[in-house]
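# Results of the structural survey
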Amino acid sequence: GTNLMCRVKSVLEKFVPPIRGKILPSCLKHKLGLFDAADNDPIRTRMQSVVVSKDETKSRLANHSCLLQPSRLLERIFRKEYIEDALERSEDFMSDDYPNKC
């Protein structure tokens, strides 16, 4: 997304100063921002403490994301599956690779 592009740009500009201002000019940043924000489902991301050891003595923070309106995702899936008939069943494309699993 846009944040990743800006991070890559800032790292490149930091380590290779002659390219400063030549990567992602402001007009492209604006276009990427509009594209990145178009028709996205709202999500909430927060840091969550998770256990990282078998004996549950060590924990660390990890990103946790969840949809704020999961009904929008279900609506899209329904539209693709039943109205547009555009979803492909996983059994159809996985059976060639894993014939004994289907």
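Residues numbered from 1 in each chain as written. Predicted model: local features only at pLDDT ≥ 70, side-chain atom pairs only at ≥ 80, totals over all residues. Heavy atoms only, no water.

## Regarding the overall build of the protein chain
Looking only at helices and strands, the protein chain features 4 helices and 2 strands. Secondary structure elements of the protein chain occur, N-terminal to C-terminal, as α-α-β-β-α-α. In the protein chain, which comprises 102 residues, the proportion classed as buried is 7%. Within the protein chain, contacts between residues at least 6 apart in sequence are counted, and of these 30% link residues at least 24 apart. (Helix = DSSP H or I, 4+ residues; strand = E, 2+ residues; numbered from the N terminus. Buried < 20%, exposed > 50% of the residue type's maximum accessible area, 1.4 Å probe, protein only. Contact = heavy atoms within 4.5 Å.)

## So, helix α3 (residues 70-83)
The terminal C-alpha atoms of α3 lie 19 Å apart, and with 14 residues this matches the ideal 20 Å at 1.5 Å per residue to within 8%. Positioned one or two residues after α3, D85 has a phi angle of 50 degrees, which is positive. (Expected span 1.5 Å × (residues − 1).)

## Focus: the pattern of salt bridges
Per the counting criterion, the structure on display carries 1 salt bridge. Taking the shortest distance from any N to any O, the salt bridge between E75 and R79 comes out at 3.3 Å. Placement of both E75 and R79 in helix α3 is noted, with a separation of 4 residues, approximately one turn of the helix. Overall, E75 belongs to the partly exposed group, its relative accessible area being 47%. (Salt bridge = Lys/Arg side-chain N within 4 Å of Asp/Glu carboxyl O.)

## A look at the environment of K80
Along the chain, K80 turns up in helix α3. A relative accessible area of 40% places K80 in the partly exposed class. With near-sequence residues (within four places) excluded, K80 lies in contact with D85, A86 and L87.

## Some details on the side chain of S53
Note that S53 resides in the loop between β1 (43-51) and β2 (59-67). One polar contact links S53 to D55, side chain to side chain, over a distance of 3.0 Å. Polar side-chain contacts of S53 include one of 3.1 Å to the backbone nitrogen of K58. (Polar contact = N/O pair within 3.5 Å; in protein donor to acceptor, adjacent residues only side chain to side chain.)

## Quick look at unusual backbone geometry
One can expect most non-glycine residues to show negative phi and most peptide bonds to be in trans. Non-glycine residue E56 carries a positive phi angle of around 60 degrees. Inspection of the secondary structure puts E56 in the loop between β1 and β2.

## Looking at a nonpolar patch on the surface
A cluster of nonpolar side chains, I43, L67, L73, L74, I77 and L87, forms an exposed patch at the surface whose accessible area comes to about 520 Å². For the nonpolar patch, the element with the most residues is α3, which contributes 3 residues. Since its relative accessible area comes to 57%, L74 is described here as exposed. (Patch = residues over 30% accessible without salt bridge, like charges linked within 9 Å, V, L, I, M, F, W, Y side chains within 5 Å. Areas by Shrake-Rupley, 256 points an atom, 1.4 Å probe, with all protein chains shown as cover.)

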